[in-house]
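Chain residues, written in single-letter form:
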Amino acid sequence: MTPIIVRTREELAEVRSEVKGTLAFVPTMGALHEGHRSLIRQARQGADTVVVSIFVNPLQFGPDEDLDRYPRTLPADLEMCAAEGADIVFTPPRSEIYPDEPRVTVDSGPMGEIVEGAARPGHFDGMLTVVLKLLNLVRPDVAIFGEKDAQQLAMIRRMVADLNVPVEIAAAPTVREPDGLALSSRNRYLTDRERGTALALSRALAAGAHAAGAGPEAVLAAANAVLDEATAADPPLHLDYLVLVDPATFTPITPSHAGRAVLAVAGRVGATHLIDNVPLHFPEES
Ligand code: PAF
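- As recorded in an unreviewed UniProt entry, the protein goes by the name Pantothenate synthetase, listed as coming from Actinomadura spongiicola.
- In UniProt, the protein has this text filed under Sequence similarities (unreviewed entry): "Belongs to the pantothenate synthetase family."
- In its Catalytic activity (unreviewed entry) section, the UniProt record describing the protein reads: "(R)-pantoate + beta-alanine + ATP = (R)-pantothenate + AMP + diphosphate + H(+)".

Put into structure tokens, the structure is as follows:
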């Protein structure tokens with residue numbers, strides 16, 4: 001089935017007004033890969049109507065980031081949306097989302113300044129602003145985000161709770177290449193040798209997860225050992241952070257923490273910024 005493609009807010013409002021039953025929404029920046037496919041599939045399973053948006057949001061890119069070279073692959077994206085049974089694809093030009101310079105934006109607060117927010121100042125303000133705008137335009141019952149962007153997911157959940165946005169937020173697990181590399185639209189920037197170094201991110205997370213039985217400090221030590229090698233490799237990994245945090249707040253957990261946690265890592269290989277994470281659970285001491 002071919003989805004209805006809409007480019008303007010007006011066209012979207014018109015098709016939205018005809019939707020009956022439940023609506024699931026998958027916001028994306030395009031350059032769709034198997035991770036996005038799994039989000040659209042999850043949306044399709046639980047809803048009568050599936051809307052996918054494709055919009056590279058300038059507000060969430062820093063001045064030295066890859067906005068201009070961010071991959072744009074609309075024809076292939078539309079094919080994937082059609083193959084997965086999306087009903088509506090919203091592909092607005094920049095002028096539809098930002099008709100003029102926005103003066104009022106979402107402030108991501110202290111949570112937007114830590115971990116990934118410290119490495120990318122302003123990123124979460126821009127991301128939350130466009131997500132809120134899209135939620136207001138699409139008015140879904142449920143919106144689905146990937147667990148790979150774990151802090152993004154936590155911040156969207158927090159925004160929806162704090163600002164009483166009437167939508168359910170659902171998460172979909174990270175999809176990986178057979179060798180462990182987490183799928184990302186940015187992976188296509190990597191040369192073969194850079195990709196070899198980038199594998200250290202998922203290997204570090206696997207080593208950390210393997211050590212979880214010995215507690216949080218052992219997790220960090222095991223993951224750091226893998227990352228240390230990668231920072232000395234050629235080409236090197238430029239590590240931004242490795243953190244073991246509370247999945248809801250992204251604040252560090254204590255060495256005696258019991259319950260859920262996220263081990264999150266980010267770094268740059270060549271000019272490519274990559275992130276990854278793994279959910280962990282620390283049992284109560286008996
Ligand atoms: O995860 C993404 O692709 C983007 O951050 C999102 C949620 C579509 C907002 O631009």
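Further notes follow.
1. Points about the sheet that holds strand β2 (residues 23–28)
Phase 1 of the analysis: Spatial strand order, β1-β4-β3-β2-β5-β6: six strands in an open sheet with parallel pairing. The open sheet has two free edges, formed respectively by β1 (4–6) and β6 (168–172), since each of these has just one partner strand. Sheet twist, expressed as the average angle between the axes of neighbouring strands with direction ignored, equals 25 degrees.
Phase 2 of the analysis: Of the strand pairs in this sheet, β2 and strand β5 (residues 142–146) are connected by two bridges, and their pairing is parallel. Paired with alanine 24 across the bridge in β5 is valine 142.

2. So, the side chain of aspartate 77
Phase 1 of the analysis: Topologically, aspartate 77 is positioned in helix α3 (residues 74–83).
Phase 2 of the analysis: Buried and unpaired, aspartate 77 has no salt bridge, with arginine 188 as the nearest side chain of opposite charge at 6.3 Å.
Phase 3 of the analysis: Every residue in contact with aspartate 77, bar those within four places of it in the chain, is listed here: Gly30, Ala31, Leu32 and Ile54.

About the criteria used
Residues numbered from 1 in each chain as written. Predicted model: local features only at pLDDT ≥ 70, side-chain atom pairs only at ≥ 80, totals over all residues. Heavy atoms only, no water. UniProt positions renumbered as here; feature names shortened; annotations may be inferred. Pairing = 2+ DSSP bridges. Helix = DSSP H or I, 4+ residues; strand = E, 2+ residues; numbered from the N terminus. Axes fitted to C-alpha atoms, helices over the stretch in contact; angles between N-to-C directions. Buried < 20%, exposed > 50% of the residue type's maximum accessible area, 1.4 Å probe, protein only. Lys, Arg positive; Asp, Glu negative; His and termini not counted. Salt bridge = Lys/Arg side-chain N within 4 Å of Asp/Glu carboxyl O. Contact = heavy atoms within 4.5 Å.

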